[in-house]
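# Tertiary structure, described
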Amino acid sequence: MKNIQKNPIIIVVFTIIILCLLLYLKQGFSSGEKVGNGQTITKTGFALDTVVSVTVYDKKDEAAAAEAISLCSDFEDIFSRTKEGSMLWEFNNGAELPSSSELASVISSARYYSGISSGAFSITMGGVSSLYDFTGENNIPPDASLVTKALEHSGDDKIIITGDTLKLADSETKADLGAIAKGYIADRIKEYLESKGVRRGIIDLGGNILCFGGKPDGSNYNIGIQYPLKNSREYLCAISVNTASVVTSGVYERSFTYEGELYHHILNPETGLPVKNGLVSVTIVSDSSEKADALSTTCFVLGKEKGLELINSMEDTYAAFVDENLNIYYSDGFEALLSKAS
Ligand code: AMP
Ligand code: MG
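Being a predicted model, the structure only gives us computed values, none of them experimental. (Residues numbered from 1 in each chain as written. Chains lettered and ligands numbered in written order. Predicted model: local features only at pLDDT ≥ 70, side-chain atom pairs only at ≥ 80, totals over all residues. Heavy atoms only, no water.)

This part takes up the overall build of the protein chain. When you go through the protein chain residue by residue, the secondary structure sums to 10 helices and 16 strands. Within the span of the protein chain, comprising 342 residues, buried residues form 46% of the whole. For the protein chain, the exposed area adds up to about 17,400 Å²; of that, 52% sits on carbon and sulfur atoms. (Helix = DSSP H or I, 4+ residues; strand = E, 2+ residues; numbered from the N terminus. Buried < 20%, exposed > 50% of the residue type's maximum accessible area, 1.4 Å probe, protein only. Areas by Shrake-Rupley, 256 points an atom, 1.4 Å probe, with all protein chains shown as cover.)

Moving on, we come to the pattern of salt bridges. By the definition in use, this model includes 8 salt bridges. In this structure, Arg199 and Asp58 form a salt bridge, with 3.3 Å as the shortest nitrogen-oxygen distance. Note that Arg199 is positioned in the loop between α8 (181-195) and β7 (201-205) and Asp58 in the loop between β3 (50-56) and α3 (62-79), a separation of 141 residues in sequence. According to the relative accessible area criterion, Arg199 is exposed, its value standing at 54%. For Asp77, the salt bridge identified is with Lys83, shortest N-O distance 2.7 Å. Accessibility expressed as a relative area gives 39% for Asp77, which makes it partly exposed. (Salt bridge = Lys/Arg side-chain N within 4 Å of Asp/Glu carboxyl O.)

It is worth spelling out the packing of α3 against helix α5 (residues 102-116) at this point. Following both chains from N to C, one finds α3 and α5 inclined at 75 degrees, their axes separated by 9 Å at the closest point. Here α3 lies roughly perpendicular to α5, going by the angle between them. Judged by residue contacts, Phe75, Ile78 and Phe79 of α3 engage Glu102, Leu103 and Val106 from α5. When grouped by side-chain class, the residues that make up the contact of α3 with α5 number 5 nonpolar, no polar and 1 charged. (Axes fitted to C-alpha atoms, helices over the stretch in contact; angles between N-to-C directions. Parallel < 35°, antiparallel > 145°, perpendicular 65-115°, else oblique. Contact = heavy atoms within 4.5 Å. Nonpolar A, V, L, I, M, F, W, Y, C, P; charged D, E, K, R; others polar.)

The next point concerns the confidence of the model for the protein chain. Taken over all residues, the pLDDT of the protein chain has a mean of 89, while the share at 70 or more is 87%. Overall, residues 18-37 carries pLDDT values under 50, and its contacts beyond four positions in sequence, including any with other chains, amount to 20 contacts. (pLDDT = per-residue confidence, 0-100.)

Here we come to the site of ligand 1. The full set close to ligand 1 counts 16 residues, and Ser122, Asp176, Ser249, Leu267 and Thr297 are the nearest of them. Taking Ser249, its side chain carries an N or O atom lying 2.5 Å from an oxygen atom of ligand 1. Interatomic distance of 2.9 Å between a side-chain N/O atom of His265 and an oxygen atom of ligand 1. In isolation ligand 1 exposes 500 Å². Once the protein is present, 91% of that is buried. Top element by residues in the shell around ligand 1 is helix α9 (residues 289-302). It accounts for 3 residues. (Near = heavy atom within 4 Å. Polar contact = N/O pair within 3.5 Å; in protein donor to acceptor, adjacent residues only side chain to side chain.)

Written out as structure tokens, the structure is:
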């Protein structure tokens, strides 16, 4: 012991080891960043009103993963309904939108889902949605007369398309892309990562999952489907996929209880009230995250029967409907995706 204390070389080596260890720990566990074993890199952040994370499996490209996170924030400048000056904010405040813009392309997709669901999917209910406060202290349902008034300004016919531009019919009509934008953004983030040579990864935008390429050992990803209760960390089941988007719409996400009644964020476009059809969640699996996102909301509003009929009419698209007794109803082909362990 005495020798060690006196030997300057041992002290220097010992100090270097401690410094390296501290540096490693800082790199590995500083907020929003995790450098895992082997080639896995995960970056997390807060954007799009939720926690976002990007895991890159095959390429130690921290810069690409970090850029993917910052792209999520950049997309707020287009799709945020509440960020002043965003493209959507400008559109909602009377600006004309070029039909060649990214925002117009997502609005056009949204109109498609509205068309195939006879209006169950409706992005023109921003005025109604904003009457509900699911995040703050004011957990009181809005006055029925306000809901009725806001509904008068919603409907696909409130989006006026003339020549190369789109415009909202009146100053009270507000578009809300909360049911489709995250999916669209996940698809774009995947494209970005692939352009950087990343072939395997998982993009998680607040539970809107898009995984691609499978794991480095060739096995599939196991994606858990959340138990449909508020703040639950348990999984109802898990599915095994190489490349797919898995998106769930549920009553547990943004909701409050008032006088024993549950109020949640998925609204019936006919009444402006939260959809009440016995479902608590709908999960969609599809190659396109935009499609999975739009269809999870669409199917939730359509309900089990019509939703299953719609999904069964589509190729390579699968759904699981969960009712309030936690019974699960699968579309054709979904059960084949279930992980063996679940
Ligand atoms: P999601 O979590 O993808 O099901 O999207 C729900 C969000 O979409 C809500 O928070 C609203 O912003 C919006 N929304 C609510 N009801 C509808 C509907 N019927 N069609 C389209 N968007 C909706
Ligand atoms: Mg959705």
